[in-house]
Amino acid sequence: MTAVFARLPFDVPTRSIVMAATLLLLVGGWQYPQFFSPPYLAQQLQSGAFLGIVAAGAMVVILLGHIDLSVPWTMTAAATVATAVVGLTPEVFVSEKGVLAGLAVGAAVGAVNGFGVAYLRIPSMIWTLATNNVLMGILVYFSGFYALSSRPSPLMSMLGSGRIFGIPNVVFVWVAVSLVLLFILRSTTLGRRIYMVGTHEPAAYLSGVNSRRVLVAGFVIAGICSAMAGMLLAGYAGQSYQRMGDTYLLPGIAAVVLGGTSLFGGRGNYSGTVAGVMLLTLMASILSIMQAPEAAKQIVYGVVVITMVGFYSLRERYS
């Protein structure tokens, strides 16, 4: 089996994760027969798709050597605004403006994050955490003093909870997001500059790259991905709700670093992020079947991040 995985067209970290996910799937199917049932696998794909969209945006920021901690309330803000707009415009075609409003919220939050990191030179961990808290305060204020309608649009419901031939629609959205991101990273000037800035920003700047614009663009992409995930989750749940993105912050980062993307920036492959998402989804599934508490899942995600950060630190020191 090892020889088979060695011939896969992926890098070493991705092959290792694919092997681990396959073994985990086999062990899960051996212990729990429902693991291989089509409905259960479709459910896991659906869960993984929400996380995959978040991880796609997180990877862009991490490739730049930064981190985005505003994911939870960016998701919540986008979903809240989108569903509120839908509630104010019940007509079917007009209500889809809620989707555009949600995407605009994500892009605006990303632009604010990018501005603080690129132009004010505030560490991304501090600035994005502050942005997250500001969003939380604004949403809590408005939800406490104003009755906000919370109803997803038909498009949000169809993409978030609908299925085609038994496959959740959100999986197709994840595939579309993945293809767009792969095109950006592999075939555009922006993608090449993301890797350059993440590898060594001063050198990229001296080479004529406007590193500030690249940083802003990267955070905007991450904000849009978080907004999409939030709206799709609202479509799946039938409403938006506070703290709907809390459980996606650490898993999103864990999936990226588990997939071989260096937290120091400039190094990473999107195929590894996809494999990391599937591995974490399978791990969470097994823990759920074992009736493990949510705290156990968060401990697993934290251990993954700590382990991989330690590994990359040692690799950077001795390479």
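The model shown is predicted, which means the values in this text are computed figures rather than measured ones.

Draft legend 1. Just unusual backbone geometry, in detail. Of note, F165 is a non-glycine position whose phi angle comes to about 55 degrees, a positive value. With respect to the helices, strands and loops of the structure, F165 is situated in the loop between β1 (163-164) and β2 (167-168). A positive phi is found at R243, a non-glycine position, where the angle reads about 60 degrees. Relative to the helices and strands, R243 is located in the loop between α12 (211-237) and α13 (249-258). A residue is classified by how much of its surface remains accessible, and R243, at 48% relative accessible area, is partly exposed.

Draft legend 2. Highlighting the packing of aromatic side chains. Under the defined criterion, the tally for this structure stands at two aromatic pairs. Residues F50 and Y236 carry aromatic rings whose centres are separated by 5.7 Å and whose planes lie at 55 degrees to one another, so their mutual orientation is tilted. Taken together, the residues F50 in helix α3 (residues 38-63) and Y236 in helix α12 connect sequence positions 186 residues apart. We classify F50 as buried; its relative accessible area is 4%. A ring pair is formed by F115 and Y119, whose centres lie 5.6 Å apart and whose planes are at 25 degrees; its orientation type is stacked. Under the relative-accessibility criterion, F115 is labelled partly exposed at 42%. Given a relative accessible area of 36%, Y119 falls into the partly exposed group.

Draft legend 3. View of the packing of α13 against helix α14 (residues 270-289). At a minimum axis distance of 7 Å, the contact between α13 and α14 shows a crossing angle of 125 degrees. Put simply, α13 runs oblique to α14. When the axes of α13 and α14 are compared, the crossing they make is right-handed. Only G272, T273, G276, V277, L279 and L280 of α14 make contact with α13, whose side of the interface consists of P251, A254, A255, V256 and L258. In terms of residue class, the contact of α13 with α14 is made up of eight nonpolar, three polar and no charged.

Rules of the game
Residues numbered from 1 in each chain as written. Predicted model: local features only at pLDDT ≥ 70, side-chain atom pairs only at ≥ 80, totals over all residues. Heavy atoms only, no water. Helix = DSSP H or I, 4+ residues; strand = E, 2+ residues; numbered from the N terminus. Buried < 20%, exposed > 50% of the residue type's maximum accessible area, 1.4 Å probe, protein only. Phe/Tyr/Trp six-rings, centres within 6.5 Å; stacked < 30°, edge-to-face > 60°. Axes fitted to C-alpha atoms, helices over the stretch in contact; angles between N-to-C directions. Parallel < 35°, antiparallel > 145°, perpendicular 65-115°, else oblique. Left-handed = near helix turned anticlockwise from the far one by under 90°. Contact = heavy atoms within 4.5 Å. Nonpolar A, V, L, I, M, F, W, Y, C, P; charged D, E, K, R; others polar.

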